[in-house]
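# A closer look at the structure
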Amino acid sequence: MMPRVLVVDDDFMVARIHQGFVQRVPGFTVVGAAHTGAAALDAVAQLHPDLVLLDIYLPDISGLDVLRRLRQDGNPVDVLAITAAQDVETIRGALRSGVVHYIIKPFSFETLRERLERYADAVHRLTEVRRAGQADVDRLFATLHPSDAGMPKGLAPATAELVVAVLRDSGTDLSAAECAERAGLSRVSTRRYLEHLVQTGKAEVRLRYGGAGRPEHRYAWRG
């Protein structure tokens, strides 16, 4: 399989650079470029790419709207978000819409090359398996998200990235309940991710004493 890629970016020069990056990765070919959301939807319908490198900030409709419309139409094209957007709502919207990865601008050729190669490897694995067992699924997700290998069982890298974004952008410490509300997750699940971040040294926990009862655990980003 030679993945066919559509590049979507509002900046003509940036789109050209990204096209050049893709063409440098063996096995990938660029089938076109679009610079607006409407043009991106038309290009997907006409060119039938396997993968879309999708910017979020577009002049007419957002990349998230493009992604939602594709899914509403039942279009299964894979999407890799490439954007300067770092706010939690955008990241959460992209993850919920099923992006295969999320790359924050600016980035190097090596960063994109690694993501594309992992994407191609994952697609190749899917074509080799008619019925996937749990081990096959685990290998597939480890291919797309290599950080999964170092995470406790039951935690997902994409969700961890969302919790990190909430904690990092808060500007202050948060309780598990506050972080869960901002991330749109359950408090119990959020606490597991927060404790994992503490164990790996990416966050710290602080105790707030007030009144009777147990002290409140509050989490802060250490980056």
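Everything below is about the structure printed above this text.
Calculation rules
- In this convention, every chain numbers its residues from 1, walking through the sequence in written order.
- In keeping with the model being predicted, local features are shown solely for residues with a pLDDT of at least 70 and side-chain atom pairs are shown and tallied solely at 80 or more, while totals for entire chains, interfaces and linings include all residues.
- The basis for the side-chain values is all heavy atoms of the structure; hydrogens and waters are excluded.
- Secondary structure elements are taken from DSSP: a helix is a run of H or I of four residues or more, a strand is a run of E of two residues or more, and numbering for both begins at the N terminus.
- A helix is expected to span 1.5 Å for every residue after the first.
- Relative accessibility under 20% of the residue-type maximum defines a buried residue, over 50% an exposed one, and the middle range a partly exposed one, all with a 1.4 Å probe and only protein chains included.
- Working rule for contacts: check all heavy atoms of both residues, and any pair within 4.5 Å makes them a contact.
- Strands qualify as paired when DSSP identifies two bridges or more between them.
- Here the axes come from fitting lines to C-alpha atoms, over the contacting stretch only for helices, and the angles between their N-to-C directions go from 0 to 180 degrees.
- Here a polar contact means two N or O atoms within 3.5 Å. Within protein one must be a hydrogen donor candidate and the other an acceptor candidate, and residues neighboring in sequence count only if both atoms are side-chain atoms.
- Here is the rule: rings of Phe, Tyr and Trp (six-membered ring for Trp) pair when centre to centre is within 6.5 Å. Planes less than 30 degrees apart are stacked, more than 60 are edge-to-face, and the remainder are tilted.
- Counting as a charge over the ring demands two things of the Lys NZ or Arg CZ atom: a distance within 6 Å of the ring centre and an angle within 35 degrees of the ring normal.
- Salt bridge, as used here, is a side-chain nitrogen of Lys or Arg placed within 4 Å of a carboxyl oxygen of Asp or Glu.

So, on to helix H7 (residues 157-170). The first and last C-alpha atoms of H7 sit 20 Å apart over 14 residues, in line with the 20 Å expected at 1.5 Å per residue. Taken together, the buried positions of H7 are Pro157, Ala160, Leu162, Val163, Val164, Ala165, Val166, Leu167 and Ser170. Those residues of H7 that are buried are in contact with helix H4 (88-96), strand S6 (174-175), helix H8 (176-183), helix H9 (187-199), strand S7 (203-208) and strand S8 (216-221). The positive-phi residue at the C-terminal boundary of H7 is glycine 171, with phi of around 80°.

Next up on the list: the sheet that holds strand S4 (residues 78-83). Read across the sheet, 5 strands follow the order S2-S1-S3-S4-S5 without closing on themselves; strand pairing throughout is parallel. Each edge of the sheet is formed by a strand with only one pairing partner; in this case those strands are strand S2 (29-34) and strand S5 (101-104). Strand-to-strand, the axes of this sheet are offset by a mean angle of 20°, without reference to chain direction. Where helix H1 (residues 12-23) meets the sheet, it contacts strand S1 (4-8), S2, strand S3 (51-54) and S4, and its direction lies at approximately 170° from that of S2.

Right, let's talk about the side chain of serine 170 for a bit. With respect to the element layout, serine 170 can be found in helix H7. Among the polar contacts made by the side chain of serine 170, one reaches the main-chain carbonyl oxygen of leucine 167 at a distance of 2.9 Å.

Tallying each qualifying case throughout the model produces 2 aromatic pairs. Ring geometry for phenylalanine 21 and phenylalanine 107: centres 6.3 Å apart, planes at 65°, overall edge-to-face. Of this pair, phenylalanine 21 sits in helix H1 while phenylalanine 107 sits in the loop between S5 and helix H5 (109-128); the two residues are 86 residues apart in sequence, bridging distant segments of the chain. As far as the burial class goes, phenylalanine 21 and phenylalanine 107 line up, both buried. Ring-pair connections join several aromatic residues into one group, and the members of that group are Phe21, Phe107 and Phe109. One residue, arginine 24, lies across the ring of phenylalanine 109, its end atom 3.8 Å from the ring centre.

Applying the stated rule across the entire model yields 15 salt bridges. Taking the shortest distance from any N to any O, the salt bridge between glutamate 110 and arginine 113 comes out at 2.6 Å. Here glutamate 110 pairs with arginine 113, and both are found in helix H5, just 3 residues apart, close to one helical turn. Classification of glutamate 110 as partly exposed rests on a relative accessible area of 43%. Classification of arginine 113 by relative accessible area gives partly exposed; the value is 25%. Across the pair glutamate 178 and arginine 218 runs a salt bridge, and its minimum N-O distance is 2.8 Å.

The next point concerns unusual backbone geometry. Cis geometry is adopted by the peptide bond preceding proline 106, which originates at lysine 105 and carries an omega value of -10°. Looking at the secondary structure, you find proline 106 in the loop between S5 and H5. The backbone of histidine 48 shows a phi angle near 50°, a positive value even though the residue is not glycine. By secondary structure assignment, the location of histidine 48 is in the loop between helix H2 (37-47) and S3.

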